[in-house]
Amino acid sequence: ALELLEDWQFRFFLKLYTLHIHSDYYSSLYSDDILRVNDTNIEAIKQIVISHGNDSADSIIGIKHSYHNIPQMVKNYKFKDLTKNQLGGSAIIVSTGPSLTKQLPLLKQVAPYATIISVDASLPILQREGIKPDFVCVLERVELTSQFFVHTDDEFMRDIYFVIASLAHEKTLQEIKGKKIITQRPFPYNRYLKLKEFGYIGVGMSAANMAFELAYLLGHKQTILIGQDLAYGENVSHAKGHILGEDEVKQKANDIYITAYGGKGKVRTNYFWNVFRNSFQKDIASAKNMVTINSTEGGARIEGAVEIPFSEIVKSLTTPKKSISIQKPSKEDSRRYLQKAIKQIKNGIKFGYKKKKEIEELFLEVAQMWDELVFLNKTNQLDKIDFDKLTKLADKIDQTKDIFNNKTFQELFFDVLQPFLINSELELATVIVKPTNNELEKKAKIIDWVMKHREWLFIVAWTMDTELQIIKKELEYIESYKL
């Protein structure tokens, strides 16, 4: 359902979704199946909308951090070199759900025989138990993430590989004392930089989803999940010793109940944990040549993962894990990558301001037409509306919106615009499909279409300007950086 409905051709029409049953035969004999399909589609639609974000400010912060961290990225280990290592064997992803506490003794026992990939929040817990992970995944852009490393000894971190999303906060990078692999989430603005040697990872929405991708890209044959509850424990949300508190996430009235681990009964979760679970389920279905074992022994069921107790898994892991050795790029290579990024950014700024000007000019035309229509309505002169002019303006809007098919525009601006677009285009889709059975309905539709784009054009131009100002400022920093 996700793969079908998130297609570019469909996603902006999701508000129109209705499951039509074309025959009484099916509705009478297959009603349970119909309800199940409908529920699946609605859940997929919710997942798509939330995955586009609900705040452009978050995207702006991500862009700012990603561009600010380019110098750090190009002088550290390359993700491409990391994934040349195909490790085989087993990976264990260590998350911070309430059930983690009971698994830690077994994890320590099996550490020599499996690649341990920890989420950032689990690192202080692992240090206290004397368990050193091979990798730590860091996904979030907020400064609060740095606290996981403030509370971890520098020496403990030294020989751990930290796979860090480039949008991480500057303080997070400063506090991490291990081997940094700063890679890019597969967002359009990162792909625009053409720094593919530093890789793309982080399709999902949590560090655990990122860790799952890493396990797959490192060629593991099976991946074991522990602490991946994605649900509340007994009045707690996280494992014992979690830096931000065992009850960091509070239960709320709008929480939901989903199938429990083991398939018996329900457990209480929240909307965002369920989004993470859906990401796991999609990724598990895609990872055809890797078996996923859920040994959390608590929390929510993750469909597609085989549920096996961790104690049984530990007994089966007897082959020592492979080690990894990669080298940082030379200073010459780092400078070359940096200059490549600078050139791309400069070209993007030039392109962006040109397109912004075109949108602003069209906005002024639409705003003038808005004023004319308001005046004619107030003075009871609606018969004097110039529909030829309106039609040409509607055509011009459609031509301008073709910019969203431009690859450069998509790469530069789609990520920051998508929270607005996913909502505005869903609303505009209801105008597109309005029937026009006569001339009056046709004219009403044209007026509605043009007028709804007054605010649309203003917000698009304003958002582009905000992003361009951020990029210009970061470009100054990048150009002044001495490698």
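From a predicted model like this one, the values you see are computed outputs, not experimental measurements. (Residues numbered from 1 in each chain as written. Predicted model: local features only at pLDDT ≥ 70, side-chain atom pairs only at ≥ 80, totals over all residues. Heavy atoms only, no water.)

Asks: Is there a simple way to explain unusual backbone geometry in this structure?
Replies: Leaving glycine aside, a negative phi is the common case for residues, and trans is the common case for peptide bonds. For Lys-194, which is not a glycine, the phi torsion comes out positive at approximately 60°. Looking at where Lys-194 falls in the secondary structure, it is placed in the loop between helix H12 (188-191) and helix H13 (207-217). A residue is classified by how much of its surface remains accessible, and Lys-194, at 32% relative accessible area, is partly exposed. A positive phi angle, close to 55°, is found at Asn-380, a residue other than glycine. With respect to the element layout, Asn-380 can be found in the loop between helix H16 (331-378) and helix H17 (387-401). Overall, Asn-380 belongs to the exposed group, its relative accessible area being 70%. (Helix = DSSP H or I, 4+ residues; strand = E, 2+ residues; numbered from the N terminus. Buried < 20%, exposed > 50% of the residue type's maximum accessible area, 1.4 Å probe, protein only.)

Asks: What exactly am I supposed to notice about the sheet that holds strand S6 (residues 222-226) here?
Replies: The pairing of strands in a sheet happens through backbone hydrogen bonds and is either parallel or antiparallel. The eight strands are arranged S5-S4-S3-S2-S1-S6-S9-S10 in an open sheet whose pairing can be described as parallel. Each end of this open sheet is capped by a strand with a single partner; those strands are strand S5 (179-183) and strand S10 (306-307). Across five bridges, strand S1 (residues 90-94) lies against S6 in parallel orientation. Note on S6: the bridge partner recorded for Ile-92 is Ile-224. Here helix H7 (residues 100-110) sits on the sheet in contact with S1, strand S2 (115-119) and S6, set at roughly 150° to S1. The sheet contacts of H13 involve S1, S2, strand S3 (135-138), strand S4 (161-165), S5, S6 and strand S9 (291-294), and relative to S3 the element is tilted by about 130°. (Pairing = 2+ DSSP bridges. Contact = heavy atoms within 4.5 Å. Axes fitted to C-alpha atoms, helices over the stretch in contact; angles between N-to-C directions.)

Asks: Even after reading the chapter, I still don't get the packing of aromatic side chains, so can you show me in this structure?
Replies: How two aromatic rings sit relative to each other is set out by the distance from centre to centre and by the angle between their planes. Counted according to the given criterion, the structure contains 17 aromatic pairs. Centre to centre, the rings of Phe-187 and Tyr-189 are 5.8 Å apart; their planes meet at 45°, and the pair counts as tilted. We classify Tyr-189 as buried; its relative accessible area is 1%. Consider the rings of Phe-198 and Tyr-337, whose centres lie 5.1 Å apart with planes at 85°: the pair is edge-to-face. With Phe-198 in the loop between H12 and H13 and Tyr-337 in helix H16, this pair connects stretches of sequence that are 139 residues apart. The burial state of Phe-198 is the same as that of Tyr-337; both residues are buried. Above the face of the Trp-370 ring, Arg-454 is positioned so that its terminal group lies 4.3 Å from the ring centre. (Phe/Tyr/Trp six-rings, centres within 6.5 Å; stacked < 30°, edge-to-face > 60°. Lys NZ or Arg CZ within 6 Å of the ring centre and 35° of its normal.)

Asks: Can you walk me through the environment of Asn-254 in this structure?
Replies: Secondary-structure assignment places Asn-254 in the loop between S6 and strand S7 (256-259). A relative accessible area of 63% places Asn-254 in the exposed class. Sequence spacing of Asn-254 and Thr-269 is 15 residues, and the spatial spacing of their C-alpha atoms is 9.6 Å.

Asks: Sorry if this is basic, but what is going on with the packing of helix H4 (residues 56-68) against helix H18 (residues 407-432) here?
Replies: In helix packing, the relevant descriptors are the interaxial angle and the interaxial distance, both defined with respect to the helix axes. H18 packs onto H4 with a crossing angle of 170° between their chain directions and a minimal axis gap of 8 Å. Compared by their axis directions, H4 and H18 come out roughly antiparallel. On the side of H4, the interface is formed by Ser-56, Ser-59, Ile-60 and Ile-63, while H18 contributes Asp-415, Val-416 and Pro-419. Grouping the amino acids of the contact of H4 with H18 by side-chain chemistry returns four nonpolar, two polar and one charged. (Parallel < 35°, antiparallel > 145°, perpendicular 65-115°, else oblique. Nonpolar A, V, L, I, M, F, W, Y, C, P; charged D, E, K, R; others polar.)

Asks: What should I look at first to understand the pairing of S5 in this one?
Replies: The side chains of a regular strand alternate, residue by residue, between the two faces of the sheet. In terms of burial, S5 is a largely internal element, four of the five residues being buried. As paired elements, S4 and S5 share five bridges and run parallel to each other. Counterpart to Phe-162 in the pairing with S5 is Lys-180. Between the parallel pair S4 and S5, the chain is carried across by helix H11 (residues 170-175), and the sense of this crossover is right-handed. (Right-handed = clockwise from strand over helix to strand, strands pointing away.)

Asks: Please explain the pattern of salt bridges as it appears in this structure.
Replies: Pairs can form between side chains of opposite charge once their charged atoms are near each other. Under the definition given, this model contains 20 salt bridges. In this structure, Asp-134 and Lys-321 form a salt bridge, with 2.8 Å as the shortest nitrogen-oxygen distance. Here the residue Asp-134 occupies a position in the loop between helix H8 (123-129) and S3, and Lys-321 occupies one in the loop between helix H15 (310-316) and H16, the gap between them amounting to 187 residues. When the shortest N-O distance is used, the salt bridge between Glu-358 and Lys-355 registers 3.8 Å. Note that Glu-358 and Lys-355 are positioned in helix H16 at a spacing of three residues, about one turn of the helix. Look at the salt bridges and you will find they share partners, linking Lys-356, Glu-360 and Asp-465 into a network. (Salt bridge = Lys/Arg side-chain N within 4 Å of Asp/Glu carboxyl O.)

Asks: Can you walk me through the pairing of S6 in this structure?
Replies: Most of S6 sits out of view: five of its five residues are buried. Every second residue of S6 is oriented toward a common face, with Gln-222, Ile-224 and Ile-226 on one face and Thr-223 and Leu-225 on the other, all of them buried. Across four bridges, the pairing between S6 and S9 is parallel. Opposite Ile-224, over in S9, you have Ile-293 as the bridge partner.

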